[in-house]
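Notes for the structure review
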Amino acid sequence: MADVEKEVAQQSLQERTATSKDGTSSEELEFDYTEEEEAIVRRKIDWHTVPLVTLLYMLCFLDRINIGNARIQGLARDLDMVQGVKFNWALSIFYIIYLLVEVPSNILLKAIGARFYLPLLVCGFGLVSLCTAFVKDFAGLMVARSFLGVFEGGAMPGMAFFLSCFYKRNELLFRIGIYVSAASIAGAFGGLLAAALSQIPSWGAAGAEIHTWRNIFFFEGLITVIIGLLAPIWMPTDPSTAYFLNERERKIAAERLLREHRSDPARKVTWADIKAAVFCIHNYTCALAFFLINITVQGLSVFLPTILNDLGWTNTQAQLYSVPPYVCACVVAIAVAWLSDKSGQRGVWLGSFACLAVVGFAILRWVENTNVRYMAVFFVTIGAFPGGPGFLSWAMNNSAGPSVRAVTSAYVVTLGTIGGIVATWTYIYYDGPKYHTGHTINLVGQIVTACCALFGILYCARENRVRAAGKRDHRLEGLTEEEAEELGSRHPRFRYWT
């Protein structure tokens, strides 16, 4: 597969460096560089994109899940949500709004540029989180969570697309894996931060006192706004204009992507791009798996403090015991992403770790011992957290062209976000403290996730064999060279990652 891709890239390069209509020679048009130069450019891009995006997504996830930490620190009591399903509705409204804005947000991102659009989203959800500290009742919380969904809806797919504009296919998952691992960092850090902030003495004006759970929302939101305002100073727009590269390095950064993707990165999103993303079978496979992964990841992110609290630990103990599983999940997710990029395989890693999550939920469902159940939480987080960035990257890897990838990233995440809505109803008050229904739903979901990974491997491998045999060459009949390039991932020479 690598040889075929090199052949295609070389052919594309030859086509671009051939003699032009105005008589310019191939020698004048050709631009070449060494692997060492490319490595230097890649390292510079790494330092100026990945840490910043990881920090921004950590803040995004922290502002999303801090409601779970706030719940056991008095939010449920103060807003009359101890019993019933009001808390679940407060979670659901966020994801309903979230999924509606993902695709439109990524199209806006493509038009406006990431340097200012992504920080705008960060400032937006940080401000909403800060304002949540002042809500007085359930209705106010619902409004706040709705606005949080508006700003956070474009964050994850937008950041994934942003990184895809700087990296080749075999470099992408490791970088996305690092930034999405910020979700587990947020889970770990969130527990520690919530335990500390909730201890701050009551302060503020009369009638608007900030205390316990309100401190969590206020200070986490304030930190997010400050970092969002500073983010444009560090964030680049695209490889060809990156401020931290010199002129030759900018050309290398842009050219290496052009050679691989065979598409103009400046091209606007068209209806053809949307159609290519929406009607791709592989995208639906990844979206279904992402949906099921989200049921687990989003559910645990919000309900883990409650689940641990119901194992018999105090509020503060539950916050602190939630840290180690997230730390392990973070390390493993990054390791899996790196190994997946190096091996050139996606499905085998995703399917294997889904099986580990299956074991974890089986233990949570049927074992009574508290210590063993806590061990199962590690199995679940380690098994499920690599799946989100893995399936998203797999879909983006198999989408040709920046415009199609912009739609694909948002579309897959949009369908997957429905899993977040389901997650808000998997663990309800009436099912505690064992939560048999929630654990069973997640157990079945992880089994199906493993099946999706297996189907993805078989489908992509078969399609590659068919193309190698020349059985898709008819797609080129009657097409001009430019029209053939527009085929994207349907081009007979394009090869899927398995």
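For the structure itself, consult the block above.
First, a word on scope: everything that follows refers to the structure included in this document. (Residues numbered from 1 in each chain as written. Predicted model: local features only at pLDDT ≥ 70, side-chain atom pairs only at ≥ 80, totals over all residues. Heavy atoms only, no water.)

1. Quick look at the overall build of the protein
For clarity, the threshold we go by: Counting from the N terminus, the helices are DSSP H or I runs at least four residues long and the strands are E runs at least two residues long. Only C-alpha atoms enter the radius of gyration; for comparison, a globular chain is expected to reach 2.2 Å times N to the power 0.38, where N is the number of residues. Exposure categories follow from relative accessible area, calculated using a 1.4 Å probe and restricted to protein chains: below 20% of the type maximum is buried, above 50% is exposed, and the middle band is partly exposed. Contacts are residue-level and defined by heavy atoms, with any inter-residue pair within 4.5 Å sufficient. Per-residue and other accessible areas were derived by the Shrake-Rupley procedure at a 1.4 Å probe size, with only the shown protein chains allowed to occlude residues.
On a plain count of helices and strands, the protein comes out with 21 helices and zero strands. Taking 2.2 N^0.38 as the reference for a compact globule, 498 residues should give roughly 23 Å; the C-alpha atoms of the protein span a radius of gyration of 23 Å, in line with that estimate. Along the longest, intermediate and shortest principal axes, the C-alpha atoms of the protein span 75 × 50 × 40 Å. A burial count over the protein gives 57% of its 498 residues as buried. For the protein, long-range pairs separated by at least 24 residues make up 80% of all intrachain contacts whose partners lie at least 6 apart in sequence. Carbon together with sulfur atoms contributes 65% to the accessible area of the protein, which is approximately 20000 Å² in total.

2. Examining the nonpolar core
What counts is decided by this rule: Definition of nonpolar core: a set of buried residues of the types Ala, Val, Leu, Ile, Met, Phe, Trp, Tyr and Cys, connected through side-chain atoms within 4.5 Å.
Counting 127 residues, the largest nonpolar core has Y57, M156 and Y179 as its most contacted members. When sequence neighbours within four positions are dropped, the list of residues in contact with M156 reads Y57, Y98, Y179, V180, F290, L392 and V413.

3. With respect to the environment of L320
Following the sequence through the fold, L320 ends up in helix 14 (residues 315-321). Given the relative accessible area of 40%, L320 is considered partly exposed. Aside from chain neighbours lying at most four places away, what touches L320 is L192 and A195.

4. Notes on the pattern of salt bridges
Note the threshold: Each salt bridge in this description consists of a side-chain nitrogen of Lys or Arg and a carboxyl oxygen of Asp or Glu lying within 4 Å of one another.
Tallying each qualifying case throughout the model produces 14 salt bridges. For D80, the salt bridge goes to K86, with nearest N and O atoms at 3.9 Å. On the basis of relative accessible area, D80 is assigned to the exposed category, the value being 55%. Residue K86 is classed as partly exposed on the basis of its relative accessible area of 33%. With a shortest N-O distance of 3.0 Å, R256 and E171 are connected by a salt bridge. You can see R256 sitting in helix 11 (residues 247-261) and its partner E171 sitting in helix 8 (residues 169-180), a full 85 residues away along the chain. A residue is classified by how much of its surface remains accessible, and R256, at 1% relative accessible area, is buried. Through salt bridges with shared partners, a single ionic network connects E38, R42, K168, E171 and R256.

5. Comments concerning helix 9 (residues 182-197)
For clarity, the threshold we go by: Consider a residue and the seven residues that end there alongside the seven that start there; fitting an axis to each set, the bend is the angle between those axes.
Its maximal kink placed at G190, helix 9 deviates by approximately 25 degrees. By the criterion of burial, helix 9 is predominantly enclosed, with twelve of the 16 residues buried. The complete set of buried residues in helix 9 reads A182, A183, S184, A186, G187, A188, G190, G191, L193, A194, A195 and L197. Elements that come into contact with the buried residues of helix 9 comprise helix 3 (35-78), helix 8, helix 10 (212-234), helix 14 and helix 15 (323-343).

6. Remarks on the environment of N215
Turning to its location among the elements, N215 is positioned in helix 10. As a C-alpha pair, N215 and G470 span 255 residues in sequence and 63 Å in three-dimensional space. Look past the residues within four positions of N215 in its chain and what remains in contact with it is L197, I200, P201, W203, I210 and E220.

7. A word on the side chain of N442
Mapped onto the secondary structure, N442 falls in helix 20 (residues 436-468). Excluding residues within four positions of it along the chain, N442 makes contact with I295, T296, F361 and Y427.

8. Focus on unusual backbone geometry
Residues other than glycine seldom take positive phi values, yet D80 does so here, at roughly 55 degrees. Locating D80 in the fold gives a position in the loop between helix 3 and helix 4 (86-112). Phi at T212 is positive, roughly 35 degrees, even though this residue is not glycine. With respect to the helices and strands, T212 occurs in helix 10. The class for T212 is partly exposed, based on a relative accessible area of 25%.

9. Observations concerning the environment of T437
Tracing the backbone shows T437 in helix 20. Using a relative accessible area of 44% as the deciding quantity, one classes T437 as partly exposed. Sequence separation of T437 and R365 is 72 residues, and the distance between their C-alpha atoms is 8.5 Å. If we skip the residues at most four places from it in the chain, T437 touches T426 and D431.

10. Some words on helix 20
Put simply, the rule is: Expected helix span is taken as 1.5 Å per residue step, with the number of steps being one fewer than the number of residues.
Helix length check: helix 20, at 33 residues, gives a terminal C-alpha distance of 48 Å against a target of 48 Å (1.5 Å per residue), a fit within 8%. Two residues or fewer past helix 20, G470 is found with a positive phi of approximately 85 degrees.

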